[in-house]
Amino acid sequence: MIQLHFYPSTAAMVPHILLEELGVPYERVRIDRENGALDSPAYRALNPNGLIPVLVDGDLVLYETAAICLHLCDTHPQASLMPALGTKERAHAYKWLMWLTNTLQATLIVYFYPHRWVNEPGSAAQDEVKAAAKRRVGALIAQLDAELARHGGPWFLGEAYSLLDAYVFTLCRWTRHFSPDSPVRPAREYPHLGPYLQRMLERPSLQRVMVNEGLSPAYV
């Protein structure tokens, strides 16, 4: 039995969506993050970094969202959630996956946790870090919108739904509280991302994820 160690609305949503797309048996293990479970010896034995998510698949323990997602795609090739190995399409999928985790997600983490990057939490420097990260997020969200405009397909890689869609949706969701009137808008306000996110919300797998994680509208 596959186990997904998760917390609602975190990066764990990405493999959560994939598992629902695959339709395989799995167990959700909600981590009591509010009460220090991420620092418990039991959880640190699974992920020494104390971060979410963790996937346990038999005797295999994986952390890092992108690695978990690639494992799920590789062990369930019949679902075709990644382009074929050795193709240009697969190479571009790798590129975007690494971009999502190393560039967009990393910048969003700076925005949400700016105190980690300053010597004096609560200082003016923290506000500057947060503002700079938000501006950078805006440019990166615009890059996603431009990619959808470029190929004109319904999904992020074009005509075929893939693991990239689960990742793009999750990170776009993290911008939902940005003010529509600010220079950095939520992803739903972009001309191509807005309809794309609505298409994602129409997928039964994603609707199940929202219920499973106990989330309420507005989802994006």
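Computed from a prediction, not measured in an experiment: that's the story for all the values here. (Residues numbered from 1 in each chain as written. Predicted model: local features only at pLDDT ≥ 70, side-chain atom pairs only at ≥ 80, totals over all residues. Heavy atoms only, no water.)

Caption draft 1: The arrangement of the overall build of the protein in detail. Helix and strand content of the protein: eight helices and four strands. Starting at the N terminus and walking to the C terminus, you meet the elements of the protein as β-α-β-α-β-β-α-α-α-α-α-α. The C-alpha radius of gyration computed for the protein amounts to 17 Å, which stays within 12% of the reference 17 Å derived for 220 residues, consistent with globular compactness. Reported as C-alpha extents along the three principal axes, the dimensions of the protein are approximately 50 × 50 × 35 Å. For the protein, long-range pairs separated by at least 24 residues make up 62% of all intrachain contacts whose partners lie at least 6 apart in sequence. Between the centroid of the 20 positive side chains of the protein and the centroid of its 22 negative side chains there is a distance of 4 Å. (Helix = DSSP H or I, 4+ residues; strand = E, 2+ residues; numbered from the N terminus. Rg over C-alpha atoms; globule rule 2.2 N^0.38 Å. Contact = heavy atoms within 4.5 Å. Lys, Arg positive; Asp, Glu negative; His and termini not counted. Charge placed at Lys NZ, Arg CZ, Asp CG, Glu CD.)

Caption draft 2: Main features of the sheet that holds strand β3 (residues 54-57). Pairing within the open sheet is mixed, and its four strands lie in the order β2-β1-β3-β4. The sheet terminates laterally at β2 (26-30) and β4 (60-63), the two strands that pair on one side only. Sheet twist, expressed as the average angle between the axes of neighbouring strands with direction ignored, equals 20 degrees. (Pairing = 2+ DSSP bridges. Axes fitted to C-alpha atoms, helices over the stretch in contact; angles between N-to-C directions.)

Caption draft 3: Up close: unusual backbone geometry. Each neighbour pair has its own omega, and for isoleucine 52 with proline 53 the value is 10 degrees, a cis peptide bond. Residue placement: proline 53 occurs in the loop between α2 (41-46) and β3. Cis rather than trans, the peptide bond between proline 217 and alanine 218 has omega equal to 5 degrees. By the secondary structure assignment, alanine 218 is in the segment after α8 (204-212). The backbone of serine 80 sits at a positive phi, close to 50 degrees, despite the residue not being glycine. Take serine 80: it is sitting in the loop between α3 (65-75) and α4 (88-112). For serine 80, a relative accessible area of 48% corresponds to the partly exposed category. (Buried < 20%, exposed > 50% of the residue type's maximum accessible area, 1.4 Å probe, protein only.)

Caption draft 4: Structural context of the environment of arginine 135. Mapped onto the elements, arginine 135 comes out in helix α5 (residues 124-151). With a relative accessible area of 55%, arginine 135 lands in the exposed category. Spatially, the C-alpha atom of arginine 135 lies 13 Å from that of phenylalanine 112, the residues being 23 residues apart in sequence.

Caption draft 5: View of the packing of aromatic side chains. With the rule as written, the count across this model stands at seven aromatic pairs. Pairing tyrosine 111 with phenylalanine 178 gives two aromatic rings, centres 5.2 Å apart and planes at 75 degrees, and the pair type is edge-to-face. With tyrosine 111 in helix α4 and phenylalanine 178 in the loop between α6 (163-173) and α7 (193-201), this residue pair connects regions lying 67 residues apart in the sequence. Aromatic side chains phenylalanine 112 and tryptophan 174 sit 6.4 Å apart centroid to centroid with 85 degrees between the ring planes, which places their arrangement in the edge-to-face category. Of this pair, phenylalanine 112 sits in helix α4 while tryptophan 174 sits in the loop between α6 and α7; the two residues are 62 residues apart in sequence, bridging distant segments of the chain. Residue phenylalanine 112 is classed as partly exposed on the basis of its relative accessible area of 36%. A connected cluster of aromatic rings, assembled from ring pairs, spans Tyr111, Phe112, Trp174 and Phe178. Above the plane of the ring of tyrosine 113 lies arginine 116, whose end atom (NZ or CZ) is 4.0 Å from the centre. (Phe/Tyr/Trp six-rings, centres within 6.5 Å; stacked < 30°, edge-to-face > 60°. Lys NZ or Arg CZ within 6 Å of the ring centre and 35° of its normal.)

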